[in-house]
Amino acid sequence: MRKQNKGIIFNLIFWLLYFLYEWFGLAALSGAYRLYFVNACMALPLSFIISYLTVHVFIKKFYNKGERLKFWFCQITVTLVLLLIRRNINYYIIYPQVYPAAQKVPLLSFGKLIVELVNLYLITGVYALFYFVQSWYEEKQKAQTLLQQKTEAELELLKSQVQPHFIFNALNNIYSAALKTSPETANLVAHLSSFLNYNLYEAKQPFVLLTSEIAYLRHYIELQKNRYGSKLDASINIYGEINELYIAPLLLLPLVENSFKHGIANSIGSGWIRIEVVRQEDQFSIKIENSVEEKTEPAGQINGGIGIKNVRQRLQLIYPGSHEWKVVEGAHSYLVIIKLMTHK
C-alpha cells in the first residue's frame, strides 16, 4: 500500500509539472496563456496515455515476459493513433490561432510527423527513466536483502553445526547396532542421517537438483510415518523428466511441515498428503495438498505462519516475475501450487 501511494504521489507531481510546462513554459514566449492552457489540456492526456501504456503495460506485460512481437505491435499501433490525434489537434486548433502559416505544410507532412513523434516520446522517455531507475534500485535492494538473509541463514547454520562429523559418526554407529536388533530403527536412523546431511551440506548451495529436494522430502515423510503410523497416507508422484531441473533449497519443506501441522496433526482419523511434480516445456509445477478436518482450520492455512510467509518471500526474491503461487482451500483439503520457470 505504501509503494502504491508513493506511485500515485509521484504521478500527480510529475504530470502537474508537465502540465505547467506545456501551459506557462510555452505561453511565456508568446503571451497566449489562454491558448496554451487549451494546448496543455490536450497534450497532457495523450502524453499520459502513451507513457502509462509503454511503461506499465507494454514493457511489463509483454517485453519483460519475452512477448516482443506483441510488444512492438501494440507500441506501434498506439503510437500511430496518438500521433495522428496530436497532429490533428495542432493543425486544426493550435496553428490557426498561433501560427497560421504552419497550415501551408500538409497535414501528413513526414517532417512534421517526426517532430510530433519526438515531442510525444520525449516526455515518455523522461517518465520511463524515473521508473527504470526506481526498478533498478528495488532490484538492488532485493539482492541485498537476499544476500543478508543468506548470510544470516548461514550463520544460524554454523551455530547449529555442533561437530556434524561427530553426529554422523554417532548415527552410523547407532545404525550398525540397530541393524542387528531392530531393522526398523536402523531404517529411521538412515532417513535421519540423510535428512541432516542435506540440511548441513547440500542446502548451502543457491540452487540444488530438484531430485535432491524431493529425496529430502521423502526422508522427512518417512520420519513422520514413524510418528503417525497407519494414520498417515502420503505419496509423492512425479510426471515428466526432472533430473536436470534445479530449485532453491529448503523451499518446499515449510509447505510439507504445514500440511502435517494443520492437516494430519488435527485429524481425528486418518489423513493424507499428496505431493505432485509436473514437468512442462519451460516450467514445472509443484502441488502439495493435504486433508483437513471440516471447520478445523477456518480461513486456515493460507497465512500458515512464519514458514509459509518465508516461502512466499523467498519466491519473490529468488524468482521475481518467473513464478506463480496459488492456494486452493476446500472444505476437506488444502492445496498449494507453485509454478517455476526452469532454472539450470
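As named in an unreviewed UniProt entry, the protein chain is Histidine kinase, taken from Niastella koreensis.

The predicted model of the protein chain averages 80 in pLDDT, with 83% of residues at 70 or higher. In the model, residues 296–302 has pLDDT below 50 throughout and makes 17 contacts with residues more than four positions away in sequence or in other chains.

The next subject is unusual backbone geometry. The backbone of Leu250 sits at a positive phi, close to 60 degrees, despite the residue not being glycine. Residue position: Leu250 is located in the loop between β3 (246–247) and α8 (253–264).

With that settled, consider the nonpolar core. If you look at soluble globular proteins, the nonpolar side chains tend to sit buried side by side. Of all hydrophobic cores here, the largest spans 41 residues; its most connected members are Leu210, Leu217, Ile247, Phe260 and Ile338. Mapped by element, the contributors of at least two residues to this core are α6 (183–200), α7 (210–228), β2 (232–239), α8, β4 (271–279), β5 (283–291), α9 (305–318) and β7 (333–341). Among the elements that make up this core, the one with the highest residue count is α7 (seven residues). For Ile247, the contacting residues outside a window of four places in its chain are Phe207, Val208, Leu210, Glu213, Leu252, Ile286, Tyr319 and Leu340. Within the second largest apolar cluster, 13 residues are counted, among which are Leu35, Phe58, Ile59 and Cys74.

As annotated in UniProt, the feature "transmembrane region" (unreviewed entry) corresponds to residues 12–30, 36–59, 71–93 and 113–133 in the numbering used here. Along residues 36–59, the helical share is 100% and the strand share 0%, with 32 Å between the first and last C-alpha atoms. Secondary structure across residues 113–133 comprises 100% helix and 0% strand; the distance between its end C-alpha atoms is 30 Å.

With that settled, the discussion passes to α8. Here α8 is 12 residues long and its end C-alpha atoms lie 15 Å apart, about the 16 Å a rise of 1.5 Å per residue gives. Regarding α8, the residues found buried are Leu253, Pro254, Leu255, Val256, Asn258, Ser259, Phe260, His262, Gly263 and Ile264.

Another aspect to go through is the pattern of salt bridges. Tallied over the entire structure, the rule returns four salt bridges. Here Lys70 ties to Glu67 by a salt bridge, and the two come within 3.0 Å at their closest N and O atoms. For Lys225, the salt bridge goes to Glu222, with nearest N and O atoms at 3.4 Å. Of the two residues, Lys225 and Glu222 both sit in helix α7, three residues apart, roughly one turn of that helix.

The space that makes up the second largest pocket amounts to roughly 730 Å³. The wall of the second largest pocket is formed by 20 residues, among which Lys60, Asn64, Ser135, Glu138 and Glu139 lie closest to the centre. The set of elements that each furnish at least two residues to the lining of the second largest pocket consists of α1 (2–30), α2 (33–62) and α4 (110–160). The biggest single contributor to the lining of the second largest pocket is α4, with seven residues. The residue makeup of the lining of the second largest pocket, split by class, is five nonpolar, eight polar and seven charged. Here the lining of the second largest pocket spans two domains, and each of domain 1 (1–159) and domain 3 (206–295 + 304–341) adds at least three residues to it.

Taking 1.5 Å of rise per residue, 19 residues should cover 27 Å, and α7 covers 27 Å from first to last C-alpha, within 8% of that figure. Phi for Gly229, located one or two positions after α7, is positive at around 60 degrees.

Between α7 and α8, whose axes approach to 10 Å, the crossing angle comes to 25 degrees. When the interaxial angle is binned, α7 and α8 end up roughly parallel. Every pair of crossing elements has a handedness; the one defined by α7 and α8 is right-handed. The segment α7 lies against α8, with Glu213, Tyr216, Leu217, Tyr220, Ile221, Gln224 and Tyr228 engaging Leu253, Val256, Glu257, Phe260 and Ile264.

With eight bridges connecting them, β2 and β4 associate as parallel partners. Bridging from a neighbouring strand, Asn237 pairs with Glu276 of β4. Bridge count for β4 against β5 is seven bridges, and the pairing is antiparallel. Bridging from a neighbouring strand, Val277 pairs with Ile286 of β5.

Taken as a whole, this structure holds one cavity of 30 Å³ or more when the rule is applied. Here the largest cavity defines a volume of roughly 50 Å³. In terms of lining, the largest cavity is formed by Asn39, Met42, Ala43, Leu46, Arg86, Ile89 and Asn90. Mapped by element, the contributors of at least two residues to the lining of the largest cavity are α2 and α3 (68–98). With four residues, the top contributor of residues to the lining of the largest cavity is α2. Residues belonging to the lining of the largest cavity are distributed by class as follows: four nonpolar, two polar and one charged.

What counts as what
Residues numbered from 1 in each chain as written. Predicted model: local features only at pLDDT ≥ 70, side-chain atom pairs only at ≥ 80, totals over all residues. Heavy atoms only, no water. pLDDT = per-residue confidence, 0-100. Contact = heavy atoms within 4.5 Å. Helix = DSSP H or I, 4+ residues; strand = E, 2+ residues; numbered from the N terminus. Core = buried A, V, L, I, M, F, W, Y, C linked by side-chain atoms within 4.5 Å. Buried < 20%, exposed > 50% of the residue type's maximum accessible area, 1.4 Å probe, protein only. UniProt positions renumbered as here; feature names shortened; annotations may be inferred. Expected span 1.5 Å × (residues − 1). Salt bridge = Lys/Arg side-chain N within 4 Å of Asp/Glu carboxyl O. 1 Å grid on protein atoms, 1.4 Å probe; cavity = no way out; pocket = protein on both sides within 12 Å on 5 of 7 lines; lining within 4 Å. Points joined across faces, edges and corners; volume = space filled by probe spheres on them. Nonpolar A, V, L, I, M, F, W, Y, C, P; charged D, E, K, R; others polar. Domains from an automatic or database assignment. Axes fitted to C-alpha atoms, helices over the stretch in contact; angles between N-to-C directions. Parallel < 35°, antiparallel > 145°, perpendicular 65-115°, else oblique. Left-handed = near helix turned anticlockwise from the far one by under 90°. Pairing = 2+ DSSP bridges.

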